[in-house]
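Residue-level structure breakdown
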Amino acid sequence: MITIEHLTKRYGAQVAVSDVSFSCAPGTVTGFLGPNGAGKSTTMRTLVGLAEPTSGTATIAGRHYRELPNAGREVGVLLDAGAQHAGRTGREALTLAAMVLGVGRDRVDEVLDRVGLAGRPAGKRLGNYSLGMRQRLGLATALLGDPQVLVLDEPANGLDPEGIFWMRGLLRGFADRGGTVLLSSHLLHEVEAVADQLVVISGGRIAAQGSKSELLAGTGGTLVRGPDRALLGRALEVAGIGVTAGPDDALVADAEPLAVGQAVAAAGVVLTELRPAGGAGLEDLFRSLTGSGQQVQEVLA
Ligand SMILES: Nc1ncnc2c1ncn2[C@@H]1O[C@H](COP(=O)(O)OP(=O)(O)OP(=O)(O)O)[C@@H](O)[C@H]1O
C-alpha cells in the first residue's frame, strides 16, 4: 500500500507539490497523470526518499522508504532509466544490484529473461543500449528484489508499440498477483489500457482521482447500438435521456451505462452494443482537468 497524505514540497518560493493526498492499494495499477511540471516526479521522488517533504507524508506499507529494512526487496523503483554506468553490460549492472540487495545470481537471469534482455543483449554495454533497452533494464532492476510495490516514472518512454504492449502485460500480471503499481506516464492511451485507478495532478495539486471507470464515466456518455436505431432513440427519449448521433449507426446517450441499459431493457428494445462512449475519454478528461490541450497534442504526437 502506498499512502501519500497532505504532501507539500517547496523548492524555495517554487511550490512543486501542494497538499497532495492519494493511496494505491495492493492488486491495482494507479496511473499518475499530469502535464509537464505538474509535480509527478517530485511526488515519486519524495515517496522513495530522494526528496524531503516540506510537510505531509509519503509512506509504503506504513513506513517511510528510508525506514524500510531492505527497501529494494519491498519496493522496485524506476525513476531515470538513463542513470546507469555506460561501460557496464546489462548483466554486470544487474549483478551489482543483486549483490547490493542480497539476492542470488540466479535471480539476474530470471529478470533478464522476464524483460526480454536474456542472451546477447545482456552482454552489451549500456552505452550501446537503445532507450527502450535501458527502460527494460530499469524494469529488470526494479523487479530484481521481487518487491510487492513498483514505483515507475515514465516506464514506457522509448519503448516501441510491441514493448509497450509487453510492459502492459507485465504490470497487469504484477498487480493481479497482489502487487501495487504507481505509474506515471505521458502516454494517455497506455495509462487508459492498464490502470485501474487514476490520479490527475496539475500545478502541484490533485485535479481528480478515482477508479478509471468512475472518472471516465462522466466524460463521454454511453454509446449504444441496436438493429432498430429509431426505436432505440425513442426508448431513450421516453426515459428522459438525451441522445445524439454516434459513429456509424450508433447513438450516444447522455447518461451512464447502467441508466441507459435499464431504460432500454424497460422498453424491451434489443441492443447489440453498450459501452462508455469515445476512445478519447481520457484525453477529454485530461484536457478538462488540466486545461492543457497543448500537452495532450504533444503526448499524442
Ligand atoms: N530540484 C528542484 N528545484 C527547483 N524546482 C524544482 C525541482 N524539482 C522540480 N522542481 C519544480 O517543481 C515543479 C514540478 O516538477 P516535477 O518534475 O515534479 O513535474 P513533473 O510532473 O514530473 O513534470 P514532467 O512531466 O515534465 O517530468 C516544476 O515547476 C519544477 O520546475
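All values reported here derive from a predicted model rather than from experimental measurement. (Residues numbered from 1 in each chain as written. Predicted model: local features only at pLDDT ≥ 70, side-chain atom pairs only at ≥ 80, totals over all residues.)

1. Brief notes about the overall build of the chain
Formally: Each helix corresponds to a stretch of at least 4 residues labelled H or I by DSSP, and each strand to a stretch of at least 2 residues labelled E; elements are numbered beginning at the N terminus. With C-beta atoms placed from the backbone, a residue counts as buried when 20 or more other C-beta atoms lie within 10 Å of its own, as exposed when 12 or fewer do, and as partly exposed for counts between those limits. Working definition of a contact: two residues with C-beta atoms, positioned from the backbone, lying within 7 Å.
If you tally the helices and strands in the chain, you get 13 helices and 13 strands. Seen through its C-alpha atoms, the chain measures out along the principal axes to roughly 70 × 50 × 35 Å. Relative to its full complement of 301 residues, the chain shows a buried share of 40%. A separation threshold of at least 6 residues defines the contact pool for the chain, and within that pool the share at least 24 residues apart is 68%.

2. Here we look at the domain arrangement of the chain
Here is the rule: The domain limits used here are those given by an automatic or database domain assignment.
As assigned here, the chain comprises domain 1 (2-211) and domain 2 (219-292). Centre-to-centre, using C-alpha coordinates, domain 1 lies 37 Å away from domain 2. Contact residues are listed per partner, giving ten residues for domain 1 and six residues for domain 2. Sorting the residues of the side of domain 1 that touches domain 2 by element identifies helix 8 (188-194), strand 8 (197-202) and strand 9 (205-211) as the ones contributing at least two each.

3. Some words on the site of the ligand
What counts, and what does not: Being near a molecule or strand means, for a residue, that its C-beta atom, positioned from the backbone, comes within 6 Å of it. Think of it as three bins: nonpolar holds Ala, Val, Leu, Ile, Met, Phe, Trp, Tyr, Cys and Pro, charged holds Asp, Glu, Lys and Arg, and polar takes everything else, Gly as well.
Around the ligand lies a shell formed by Tyr 11, Gln 14, Ala 16, Gly 34, Asn 36, Gly 37, Ala 38, Gly 39, Lys 40, Ser 41 and Thr 42. Looking at the shell around the ligand, the elements with two or more residues in it are strand 2 (14-24) and helix 1 (40-47). Tallying contributions element by element places helix 1 first for the shell around the ligand, with three residues. Considered class by class, the residues forming the shell around the ligand number three nonpolar, seven polar and one charged.

4. Remarks on the nonpolar core
Threshold: Take the buried Ala, Val, Leu, Ile, Met, Phe, Trp, Tyr and Cys residues, join any whose C-beta atoms are within 7 Å, and the set you get is a nonpolar core.
Counting 67 residues, the largest nonpolar core has Leu 94, Ala 140, Val 151 and Leu 171 as its most contacted members. Residue assignment places this core across two domains, with domain 1 (2-211) and domain 2 (219-292) each supplying three or more. In terms of nonpolar packing, the next biggest core, distinct from the first, is built from twelve residues, Val 224, Leu 232, Ile 241 and Val 264 among them.

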